[in-house]
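# Examination of the molecular architecture
Given next are the chains, with one letter for each unit.
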Amino acid sequence: MLLVDFGGREAGRRGMLLSMFAELLFALVAGDQAAAAPEIAPQEIAAGVTLLSGSFLPERGPDGNTIIFDAPEGLVVIDTGRHGWQSDAILAFAQARRRPVAAIVNTHWHLDHTSGNGRVQAVFPNAPVYATNAIDGVLAPGGFLARNLDGARGMLVGDQLSAVQREEVQIFIDTMAASDDLRPDVVIERGERARIAGRRFDLHITDGAVSAADIWLYDQRTRVVVLGDLVTFPAPFFETACPDAWRTALDEVWATPFRIAIPGHGAAMDRAQFDTYRQAFGAFLDCVSSDAEASVCASAWSTNIAAFIAGDERAQIMARQMAEYYVGFLRANGGRSPDCAAPSAT
């Protein structure tokens, strides 16, 4: 597996690219063709809690899951996806329910969770975005997104990309052109019990994990915990990660009395399933820290999460390939992303 960010870090042939956060820009399985837009059917996870599943299509970047809570003042939307079809599904749900989107919460700044902010707010301009201010650092000169932008523009020169790949790159460029939509209207600075659109949530903020500061939230009423990219399938995305802080965050989630956990990518989980993922994540980090071959660590990861991706050949291939890449990525950078903003473990 060959990954680079749009900034052009050398990792292999230019025609085989994974953009930020392991966004696939090529088909991983021989014979795959770029897929049509997915049909996103609302799934009731608990009373007043709906999941609009994200997708990870061949030659496309991923969309994170969207979770929608009913609240007294309207709908609270957690993460808005990357592609138009994800935000369209949010708007269609609101229309079908005849309720306004009253607030948006971004679990973290990754574009597969935030790019739909502007499209949703265009219809519901009174819906503020709640998020940390970690986006400021990656939009600043030299920040992760800022340096990727120049590389993305260069990728459109020539004919090395397919039409779908070019579309994906253009989506990134267009999102960056409207980057103010990615910034919070209400900055969440610390963990707290907060009222959003009249509904109370326990907000938790990591000190580095997937990004510099991630929000995960717990709804006491339904005992649903929304995790963002603290849990992702088919592999964790380490491009901006602080793995030690991430492991700590998973332990903190485990200490919460949830009954249903909703990942950033993948199906809703019960407590036992979450613990399986938590243990697999820890084992993977331990393997990265060892002298084991990268392929051994990747195989162990794939085996440890096999129950979650059984019957999905493409996900199984992706799990092994992505995990093997990340072993090398983490080892080359002292066990963390170069963009990790958390203090080193002592």
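Read on for a plain summary of the structure. Remember, predicted model here, so these are calculated numbers, not experimental data.

We now examine the state of the cysteines. All chains considered together, the criterion is met by 2 disulfides. Shown here is the disulfide that connects Cys 242 with Cys 340, its sulfur atoms set 2.1 Å apart. Its torsion about the S-S bond being 115°, the disulfide of Cys 242 and Cys 340 is classed as right-handed. Of the two residues, Cys 242 is situated in the loop between strand 13 (224-226) and helix 7 (243-254) and Cys 340 in the segment after helix 11 (313-332); the sequence distance between them amounts to 98 residues. Here Cys 242 matches Cys 340 in class, with each residue buried. The disulfide that involves Cys 287 links it to Cys 297, with 2.0 Å between the sulfurs. The chirality of the disulfide connecting Cys 287 with Cys 297 is left-handed, given an S-S dihedral of about -85°. Separated by 10 residues along the polypeptide, Cys 287 in helix 8 (residues 271-288) and Cys 297 in helix 9 (residues 294-304) bring together distant segments of the chain.

Let us look at the environment of Phe 124. Relative to the helices and strands, Phe 124 resides in the loop between helix 3 (117-123) and strand 8 (129-131). Taking the relative accessible area as the measure of exposure, Phe 124 reaches 18% and is therefore buried. For the pair Phe 124 and Ala 103, spaced 21 residues apart in sequence, the C-alpha to C-alpha distance is 9.0 Å. Beyond its immediate sequence surroundings of up to four residues, Phe 124 is in contact with Leu 91, Ala 94, Arg 99, Pro 100 and Val 101.

The calculated volume of the largest pocket comes to roughly 500 Å³. Along the wall of the largest pocket there are 23 residues; nearest its centre are Phe 233, His 265, Gly 266, Ala 267 and Asp 312. Among the secondary structure elements, those contributing two or more residues to the lining of the largest pocket are helix 10 (306-309) and helix 11. Examining the composition of the lining of the largest pocket, we find that 3 residues originate from one element, helix 11, more than from any other. Residue composition of the lining of the largest pocket, grouped by class: 12 nonpolar, 8 polar and 3 charged.

According to the stated counting rule, one finds 17 aromatic pairs in the structure shown. Between Phe 56 and Phe 237, the aromatic rings sit 6.2 Å apart at their centres with planes inclined by 80°, giving edge-to-face as the arrangement. Placement of the pair is Phe 56 in the loop between strand 4 (49-52) and strand 5 (66-71) and Phe 237 in the loop between strand 13 and helix 7, with a sequence separation of 181 residues. Phe 56 gets classed as buried once you look at its relative accessible area, which sits at 14%. Each residue in the set Phe 233, Phe 238, Trp 246, Tyr 277, Phe 281, Phe 284, Trp 301, Phe 308, Tyr 325, Tyr 326 and Phe 329 is aromatic and connected to the rest through ring pairs, giving one cluster.

Another aspect to go through is the sheet that holds strand 10 (residues 192-196). As summarised here, the arrangement of the 6 strands in space is 10-11-12-13-14-15, forming an open sheet in which the pairing is mixed. Two strands lie at the open edges of the sheet, namely strand 10 and strand 15 (269-270), each paired on one side alone. Alignment of strand 12 (residues 215-219) against strand 13, held across 3 bridges, turns out to be antiparallel. By the bridge assignment for strand 13, Asp 219 is matched with Val 224.

With that settled, consider the nonpolar core. Among the nonpolar cores identified, the biggest contains 44 residues, and Leu 230, Phe 238, Trp 246, Phe 284 and Trp 301 are the most heavily contacted of them. Top contributing element to this core by residue count: helix 11, with 10 residues. Residues in contact with Phe 238, not counting those within four places in the same chain, are Pro 243, Trp 246, Phe 281, Phe 284, Leu 285, Tyr 326, Phe 329, Leu 330 and Ser 337. Among the nonpolar cores identified, the runner-up in size contains 25 residues, and Val 49, Ala 103, Ile 215 and Ile 260 belong to it.

In this section: the pairing of strand 7 (residues 101-105). Across the 5 residues of strand 7, 5 count as buried, placing the element largely inside the fold. Of the pairings in the sheet, the one linking strand 6 (residues 74-78) to strand 7 comprises 4 bridges and is parallel in character. The partner of Leu 75 across the bridge, within strand 7, is Val 101. Viewed along the sheet, the connection from strand 6 through helix 1 (residues 84-97) into strand 7 turns out right-handed. Of the pairings in the sheet, the one linking strand 7 to strand 8 comprises 2 bridges and is parallel in character.

About the cut-offs
Residues numbered from 1 in each chain as written. Predicted model: local features only at pLDDT ≥ 70, side-chain atom pairs only at ≥ 80, totals over all residues. Heavy atoms only, no water. Disulfide = S-S within 2.5 Å. Helix = DSSP H or I, 4+ residues; strand = E, 2+ residues; numbered from the N terminus. Buried < 20%, exposed > 50% of the residue type's maximum accessible area, 1.4 Å probe, protein only. Contact = heavy atoms within 4.5 Å. 1 Å grid on protein atoms, 1.4 Å probe; cavity = no way out; pocket = protein on both sides within 12 Å on 5 of 7 lines; lining within 4 Å. Points joined across faces, edges and corners; volume = space filled by probe spheres on them. Nonpolar A, V, L, I, M, F, W, Y, C, P; charged D, E, K, R; others polar. Phe/Tyr/Trp six-rings, centres within 6.5 Å; stacked < 30°, edge-to-face > 60°. Pairing = 2+ DSSP bridges. Core = buried A, V, L, I, M, F, W, Y, C linked by side-chain atoms within 4.5 Å. Right-handed = clockwise from strand over helix to strand, strands pointing away.

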